[in-house]
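# Fold and contact review
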Amino acid sequence: MSTEMNPWTSTDPATLVDEVVAELPEWLPAQRWFGGKDRKITGVRPLRTTVLSEADPVLVHLVVEVEQPDRHEPYQLLVSDTVDNHDATGDPELAGRLLDLVADGATVDGLVFEHEPDVELNKGLRGRPITAEQSNTSLVFGSQYILKLFRKLTLGENPDLVLQRALHRVGCEHIARPLGSITGRLNGQVTTVGMLQQFLPDAVDGWAMATTSVRDLMAEGDLHADEVGGDFAGEAQRLGQAVATVHADLERALGTQHADADDIEKTVRAMTARLDSVVSAVPELRPYVPALREAFEAARDTPGAIAIQHIHGDLHLGQVLRTVHGWLLIDFEGEPGAPIAERTALRSPLRDVAGMLRSFDYAAHQLLVGQPEDHQLAVRALEWSRRNRAAFTEGYAEAASGSVGDPRKRGYLLRAFELDKAVYEVAYEYANRPEWLTVPLSSIARITGEVKR
Ligand SMILES: Nc1ncnc2c1ncn2[C@@H]1O[C@H](COP(=O)(O)OP(=O)(O)O)[C@@H](O)[C@H]1O
Ligand SMILES: O=P(O)(O)O[C@H]1O[C@H](CO)[C@@H](O[C@H]2O[C@H](CO)[C@@H](O)[C@H](O)[C@H]2O)[C@H](O)[C@H]1O
């Protein structure tokens, strides 16, 4: 990037940080990964500054606290005097320095760059940011490594790293191998700021595959889902098997417990509380409130013991990658908006099953968003969704060797979790993609309609 365009007058790290911080209130809201776009920024202050290079060019790892009326949250940045937009993650050479530090196992002013035991990394690779719509920033090095820099920092070890390390230890075949990490102390706690993993260059994400299959079906007005070339049911079944295997691996690695009456009560209360909070912001949800409450209450009637363990927490088709060797799960961070205590709590694996079932419904219906009503296409969408949801659940039941068993035998609980996820999606779409709000709303109408019958 040309230095002529560079507005920074500084050539020393401290002045650069002052200049950058002064501009952040204006710059942050325009970033995809910034989670506080709905509120005004009242202040930004540096929390932790680590000078990775003093000069030629200056490179600084910066953690700032972003102050908003009801919250103070830490965000991570990488800044240099050679880039004009505050963000050195877009510069391949500078990004490459992070990889080299991880490869060297370096510690710079308390910022610890580590590779996993038995891992030797290649140095000197350039890093390019991936273009996906993301909550964080991921840099790809050659076709070998991917480094995720968590943007909004969660104090403590990030569940993404903790869970994938645990899975790797028990030989899980459905994750990308963890290769390294970057950690620093924040408010006295060792906090994960980056995670390096094996990059799968041949990977295609499940959302892209599923929506291509739906498009094929829509283009063939007279054929059924099982008659079109792009039928996804075989993949959906294998995906179900992969998810069940990951749950069994998480159970092996980190254990399981039985939920007691108190846990179930808390779960029901949390689902109801989320409903109350979302309905106050999105009045379109109001007609479904009685049926939703009833479905949440019915979760108490689930027969038999309910197993709880560590789970993925935000599983959907965009979080699974199909490689030549099978399906992988990525991004074990949980729902980006949820508090860390909720994201790290032991929960029923059926929540992940419910998340994926919701995703099949999304994939089926997203092509109809904003289109004139077409009965034929609506029937096709429902058919695709039912076929693939059934195949996924079948695959899950086949491979469920842990304490979860066959999700189809847990109808009340699964329905409650699916509706709870749909309520979350209503809030998510309202805040991020209002034109998609109809997708979860129409699912809620359909599922609660089925409950009444
Ligand atoms: N190991 C990997 N190999 C190939 N692509 C990956 C890998 N990990 C992530 N990706 C790509 O990066 C995208 C974002 O990754 P993700 O972990 O979901 O980030 P975020 O937490 O920012 O949502 C994924 O949708 C996928 O396309
Ligand atoms: O991938 P993230 O961890 O950022 O998850 C958030 O964004 C997702 C959208 O990208 C959102 O997922 C919803 O839309 C998906 C299609 O784009 C669909 O596959 C999911 O089923 C649906 O929930 C996710 O809820 C949100 O947490």
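Here, every reference points to the structure presented above.
Reference entry: report on the structure contained in this document. (Residues numbered from 1 in each chain as written. Chains lettered and ligands numbered in written order. Predicted model: local features only at pLDDT ≥ 70, side-chain atom pairs only at ≥ 80, totals over all residues. Heavy atoms only, no water.)

In this section: the site of ligand 2. Around ligand 2 there are 13 residues in total, and Ser359, Tyr424, Glu425, Tyr428 and Arg433 lie nearest to it. Within the side chain of Ser135, an N or O atom sits 3.0 Å from an oxygen atom of ligand 2. For ligand 2, an oxygen atom lies 3.0 Å from a polar atom in the side chain of Asp314. With the chains in place, 89% of the 530 Å² that ligand 2 exposes on its own is no longer accessible. Within the residue set of the shell around ligand 2, elements represented by two or more residues are helix 9 (350-365) and helix 11 (411-432). (Near = heavy atom within 4 Å. Polar contact = N/O pair within 3.5 Å; in protein donor to acceptor, adjacent residues only side chain to side chain. Areas by Shrake-Rupley, 256 points an atom, 1.4 Å probe, with all protein chains shown as cover. Helix = DSSP H or I, 4+ residues; strand = E, 2+ residues; numbered from the N terminus.)

Turning our attention to the environment of Gln68. You can see Gln68 is positioned in strand 2 (residues 59-68). In this structure Gln68 comes out as buried when scored by relative accessible area, which is 3%. Separated by 293 residues in the primary sequence, Gln68 and Asp361 place their C-alpha atoms 35 Å from one another. In this view, Gln68 contacts Phe34, Gly36, Arg39, Lys40, Ile41 and Thr42; residues no more than four positions away in its chain are not counted. Reaching out from Gln68, the side chain makes a polar contact with the backbone oxygen of Gly36 at a distance of 2.8 Å. (Buried < 20%, exposed > 50% of the residue type's maximum accessible area, 1.4 Å probe, protein only. Contact = heavy atoms within 4.5 Å.)

All right, on to the packing of helix 7 (residues 289-298) against helix 11 then. Remark: helix 7 packs on helix 11, axes separated minimally by 8 Å, with the N-to-C direction vectors making an angle of 135 degrees. With respect to helix 11, the element helix 7 is oriented oblique. In this structure, helix 7 crosses over helix 11, and the sense of that crossing is left-handed. Counting all contacts with helix 7, which are made through Leu292, Ala295, Phe296 and Ala298, the residues of helix 11 involved are Tyr412, Ala416, Leu419, Asp420 and Val423. Split by residue class, the contact of helix 7 with helix 11 holds eight nonpolar, no polar and one charged. (Axes fitted to C-alpha atoms, helices over the stretch in contact; angles between N-to-C directions. Parallel < 35°, antiparallel > 145°, perpendicular 65-115°, else oblique. Left-handed = near helix turned anticlockwise from the far one by under 90°. Nonpolar A, V, L, I, M, F, W, Y, C, P; charged D, E, K, R; others polar.)

The subject of this paragraph is the sheet that holds strand 14 (residues 320-323). What the three strands build is an open sheet, ordered 11-14-15; its pairing is antiparallel. Single-partner strands in this sheet number two, and they are strand 11 (204-205) and strand 15 (326-329). (Pairing = 2+ DSSP bridges.)

A few words on the packing of aromatic side chains. The relation between two aromatic rings is expressed through the spacing of the ring centres and the mutual angle of the planes. Applying the stated criterion to the full structure yields eleven aromatic pairs. Residues Phe232 and Trp384 carry aromatic rings whose centres are separated by 6.1 Å and whose planes lie at 25 degrees to one another, so their mutual orientation is stacked. Of this pair, Phe232 sits in the loop between helix 4 (206-219) and helix 5 (233-254) while Trp384 sits in helix 10 (residues 375-399), placing them 152 residues apart in sequence. We classify Phe232 as buried; its relative accessible area is 3%. For Trp384, a relative accessible area of 1% gives the class buried. Its end group placed over the ring of Trp33, Arg151 keeps NZ or CZ at 4.2 Å from the ring centre. The ring centre of Trp436 lies 4.0 Å from the NZ or CZ of Arg433, which sits over that ring. (Phe/Tyr/Trp six-rings, centres within 6.5 Å; stacked < 30°, edge-to-face > 60°. Lys NZ or Arg CZ within 6 Å of the ring centre and 35° of its normal.)

Moving on, we get to the site of ligand 1. Neighbouring residues of ligand 1: 16 residues in total, closest Gln134, Asn136, Lys148, Gln198 and Leu200. Backbone polar atom of Leu200 to a nitrogen atom of ligand 1: 2.9 Å apart, as the coordinates give it. In the model, an oxygen atom of ligand 1 is placed 3.4 Å from a nitrogen or oxygen of the Gln319 side chain. Starting from 560 Å² of accessible surface for ligand 1 in isolation, the protein chains cover 87%. Tallied by class, the residues present in the shell around ligand 1 amount to seven nonpolar, six polar and three charged.

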